[in-house]
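Remarks on the overall topology
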Amino acid sequence: MPEKGPRPLRADALRNRERLLDAAVRAFSQAGAEVTLDAIAKDAGVGIGTLYRHFPSREALVEAAYRNELEKLCDSAGELLDQLPPAAATRAWMDRFIDYVTTKREMADALRLVIAAGTNPYAQSRDRLLAAVARLLGAGAAADTIRSDVDPGDVLAGLSGVSLAAGGRDQRDQARRLLDLLMDGLRYRPHG
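Note that the structure is predicted; figures quoted are calculated from it, not measured. (Residues numbered from 1 in each chain as written. Predicted model: local features only at pLDDT ≥ 70, side-chain atom pairs only at ≥ 80, totals over all residues. Heavy atoms only, no water.)

Core analysis: the biggest nonpolar cluster contains 55 residues, and Phe28, Ile40, Leu61, Trp93, Phe97 and Leu129 have the highest contact counts within it. Only helix 1 (11–30), helix 2 (37–44), helix 4 (58–83), helix 5 (86–106), helix 6 (108–116), helix 7 (125–142), helix 8 (152–166) and helix 9 (172–186) provide two or more residues apiece to this core. Here the element with the most residues in this core is helix 4; it accounts for 10 residues. With near-sequence residues (within four places) excluded, Phe97 lies in contact with Leu73, Leu129, Leu156, Leu159 and Ser160. (Core = buried A, V, L, I, M, F, W, Y, C linked by side-chain atoms within 4.5 Å. Buried < 20%, exposed > 50% of the residue type's maximum accessible area, 1.4 Å probe, protein only. Helix = DSSP H or I, 4+ residues; strand = E, 2+ residues; numbered from the N terminus. Contact = heavy atoms within 4.5 Å.)

Below you can see the structure in the form of structure tokens.
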């Protein structure tokens, strides 16, 4: 008899899980690592038992919330390319990257709990981010709107620099200006 994997979640259970993850990000970003799991469950509109069915510990919830934010950011590259021309999709994704890093920074205390418990929530982050950037750059190069000689790692380093210099929620205007400069450097300019 073949081994069975975990059963897919029912639609209502999936909605509950998503609400819990969204509530956890808000709570760990705003109130820090010490926020109660009861408060997160209440914000998500579910009972504490539902929270524990999905996430057996605080650390599991923090890690899942962080990974969910990473997944949403990386998946948004394709979604943006479906909706916008490649250069506009790339620039829009850059804004989302800054939001992601700001949230990660705000969740730092909670993420330290996960690391202290022996798990590395960042294990696949760089690879996933590089793949999203490469997808955006590739689409832009194919459309002749983004240079084809740009290394995704360089773009990721530039985005990280912007997030360090202007990643606070009160620095959004400066972050936008810096991202516009970065984007201007990526634009394809035909010779001649």
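Moving on: the packing of aromatic side chains. Taken as a whole, this structure holds 4 aromatic pairs when the rule is applied. A centroid spacing of 5.2 Å and a plane angle of 80° characterise the contact between Tyr66 and Tyr122, whose relative ring orientation is edge-to-face. Of this pair, Tyr66 sits in helix 4 while Tyr122 sits in the loop between helix 6 and helix 7, and the two are 56 residues apart along the sequence. Seen in terms of ring centroids, Trp93 and Phe97 are 5.9 Å apart; in terms of plane orientation they differ by 35°. Their pairing is tilted. Remark: Phe97 and Trp93 occur in helix 5; sequence separation between them is 4 residues, near one turn of the helix. Using a relative accessible area of 1% as the deciding quantity, one classes Trp93 as buried. (Phe/Tyr/Trp six-rings, centres within 6.5 Å; stacked < 30°, edge-to-face > 60°.)

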